[in-house]
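Residue-level structural notes
Okay, here's what each chain looks like letter by letter:
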Amino acid sequence: MSQFRRQSLVAYGEPLRETFADRPAPRGSEVLVRVACCGVCHSDLHVQDGYFSLGGDRRLDITKDRALPFTLGHEIAGVIEAAGESAEGVVLGREVAVYPWIGCGACAACRAGEENMCSAHRHLGVGADGGFATYVLVPHPRYLIDYAPLPASFAGPLMCSGLTAYAALSRLRSHAERGPVLLVGLGGVGMMGLALARALFRQPPLVADIDPEKRQAALAAGAAQAFDPADPQARRAVIAATRGGLYAVCDFVGSDKSLEFATGILARGGKVVVSGLLGGSFSFPAAMIAIKAIAIEGTLTGTLAQAREVIALARSGQIAPIPTQARPLDEAQAALEDLRAGRVVGRTVLAI
Ligand SMILES: [Zn+2]
Ligand SMILES: [Zn+2]
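Notes on the structure follow. (Residues numbered from 1 in each chain as written. Chains lettered and ligands numbered in written order. Predicted model: local features only at pLDDT ≥ 70, side-chain atom pairs only at ≥ 80, totals over all residues. Heavy atoms only, no water.)

Moving on, we get to the side chain of Thr19. Take Thr19: it is sitting in strand β2 (residues 17-21). Thr19 sits in the buried class, given a relative accessible area of 13%. Apart from residues lying up to four places away in sequence, Thr19 is in contact with Phe4, Arg5, Arg6, Ser8, Val10 and Pro69. (Helix = DSSP H or I, 4+ residues; strand = E, 2+ residues; numbered from the N terminus. Buried < 20%, exposed > 50% of the residue type's maximum accessible area, 1.4 Å probe, protein only. Contact = heavy atoms within 4.5 Å.)

Below you can see the structure in the form of structure tokens.
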């Protein structure tokens, strides 16, 4: 039995620290998973900060309902180690991805299968201890998804970056029949979006990012064309390339600048799906919403059913793996800092 080591948030805005605890003992329907890999996600930075930026000096405080020390990490893949007495159908030693967006089970969202939208949630790595640790406790076996023969370093990130991109693209299926999808922001979610868009849609997607290295990586991964949204000519170039604008845009950044860009290149009847959480605030001429009949829609991770769909798609070999670097657990803080500084192409996973 290995030790229960964690990289914990001990104070908001402070570096993670290594902490030790007794290995959790699963009770009832709980399952203990020995973590093999946990992806490092941009939203881990927000939890570490303790707030989301709402533009200007305004902040959304997210420090309540979380006891410190707290373990971040929600892109978890591992091996079933132990189970409580009423956890049914559990096979010890099986490799599983952990669906982290666990709800209360009782509210209207949960009853509709949207535990990711639960307001009394127990999301792993957000509201309950997550996967920057040697073990994670999962409340019920239904949140565990077989992923063989995929590598754990691919399966873990499918639970957030893969799922988020999949749920966002799922909201654009009918729009994508009219033309290519444009993906704005090529971080971990954007690169997953590219791989998924190639699997789901007839036309290869267009991409936009301010970082030339990320644009290059996207072109190498099959993007049809790449644009720099910071280039003042970019809007005109996109509209020319699409003969009048886009019907389907995914904004994986979620900042004032990315949304200005995304809404500025829509065709009539076009739609932007926003999954990014970078922050800021933006304005849009109100009459143009009706005149152009556009839609701006938000999406937050995805449902358990969608998590099963995205894993099934990956297991069938239809999603090309994105560039992934593995680092040891004790480099969690360094990995977060690299992500914050924009130094990461693709995904970083902690190999535990
Ligand atoms: Zn995430
Ligand atoms: Zn709920």
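Resuming the write-up.
So, about the coordination of the zinc ion (ligand 2). Around the zinc ion (ligand 2), the protein contributes the donor atoms Cys104 (SG), Cys107 (SG), Cys110 (SG) and Cys118 (SG), which lie 2.3 to 2.4 Å from the metal centre. One can describe the site at the zinc ion (ligand 2) as tetrahedral: its four donor atoms subtend angles covering 103 to 117° at the metal. (Donors = N, O, S within 2.8 Å, 3.2 Å for Na, K, Ca; no water. Tetrahedral: all angles 85-135°; square planar, octahedral: opposite > 155°, others 65-115°.)

Closest axis-to-axis distance for the helix α3 (residues 152-170)/helix α4 (residues 188-200) pair is 8 Å, and the angle between their directions is 65°. Taken as axis vectors, α3 and α4 run roughly perpendicular relative to one another. In this structure, α3 meets α4 at a crossing whose hand is right-handed. In this structure, α3 uses Phe154, Pro157, Leu158, Ser161, Gly162, Thr164, Ala165, Tyr166 and Leu169 to contact α4, whose residues at the interface are Gly188, Val189, Met192, Gly193, Leu196, Ala197 and Leu200. Along the lines of polarity and charge, the residues of the contact of α3 with α4 split into eleven nonpolar, five polar and no charged. (Axes fitted to C-alpha atoms, helices over the stretch in contact; angles between N-to-C directions. Parallel < 35°, antiparallel > 145°, perpendicular 65-115°, else oblique. Left-handed = near helix turned anticlockwise from the far one by under 90°. Nonpolar A, V, L, I, M, F, W, Y, C, P; charged D, E, K, R; others polar.)

Turning next to the pairing of strand β3 (residues 31-40). With eight of ten residues buried, β3 lies mostly within the body of the structure. Summarising the sheet, β3 and strand β7 (residues 75-83) pair through eight bridges and their orientation is antiparallel. Bridge pairing links Cys38 to Ile76 in β7. Summarising the sheet, β3 and strand β9 (residues 135-138) pair through four bridges and their orientation is antiparallel. Note that in β9 the partner of Arg34 across the bridge is Tyr135. Looking at chain direction, β3 and strand β18 (residues 347-351) are connected through four bridges and run antiparallel. Across the sheet, residue Val40 finds its bridge partner in β18, namely Thr348. (Pairing = 2+ DSSP bridges.)

In this section: the coordination of the zinc ion (ligand 1). On the protein side, the zinc ion (ligand 1) has Cys41 (SG), His74 (NE2) and Cys160 (SG) as donor atoms, found 2.0 to 2.2 Å from it. Sequence positions of the residues that donate to the zinc ion (ligand 1) give the spacing C-x32-H-x85-C. Taken as a pair, His74 in the loop between β6 (70-71) and β7 and Cys160 in helix α3 lie far apart in primary sequence, 86 residues in all. Assessed through its relative accessible area of 1%, His74 is described here as buried. Residue class for Cys160 comes out buried when judged on its relative accessible area of 5%.

With that out of the way, let us pick up the packing of aromatic side chains. Going through the model one piece at a time under the given rule, you end up with two aromatic pairs. With a centroid separation of 6.3 Å and 15° between ring planes, the pair formed by Tyr99 and Tyr143 is classed as stacked. Highlighted residues: Tyr99 in the loop between β8 (95-98) and α2 (108-111) and Tyr143 in the loop between β9 and β10 (144-146), separated in sequence by 44 residues. Here Tyr99 falls in the buried class, since its relative accessible area comes to 0%. We note Arg59 situated over the ring of Tyr51; from NZ or CZ to the ring centre the distance is 3.7 Å. (Phe/Tyr/Trp six-rings, centres within 6.5 Å; stacked < 30°, edge-to-face > 60°. Lys NZ or Arg CZ within 6 Å of the ring centre and 35° of its normal.)

The sheet built from three strands is open, its strands ordered β2-β1-β6 with antiparallel pairing. Taken across any chain shown, the strands that pair with only one partner, and hence form the sheet edges, are β2 and β6. Looking at chain direction, strand β1 (residues 4-9) and β2 are connected through five bridges and run antiparallel. Each residue of the ladder has a partner; that of Arg5, found in β2, is Phe20.

Looking now at the state of the cysteines. Within the structure shown, the criterion is met by zero disulfides. Left without a disulfide partner, Cys250 is nearest to the cysteine sulfur of Cys160, which lies 14 Å away. In this structure Cys250 comes out as buried when scored by relative accessible area, which is 0%. (Disulfide = S-S within 2.5 Å.)

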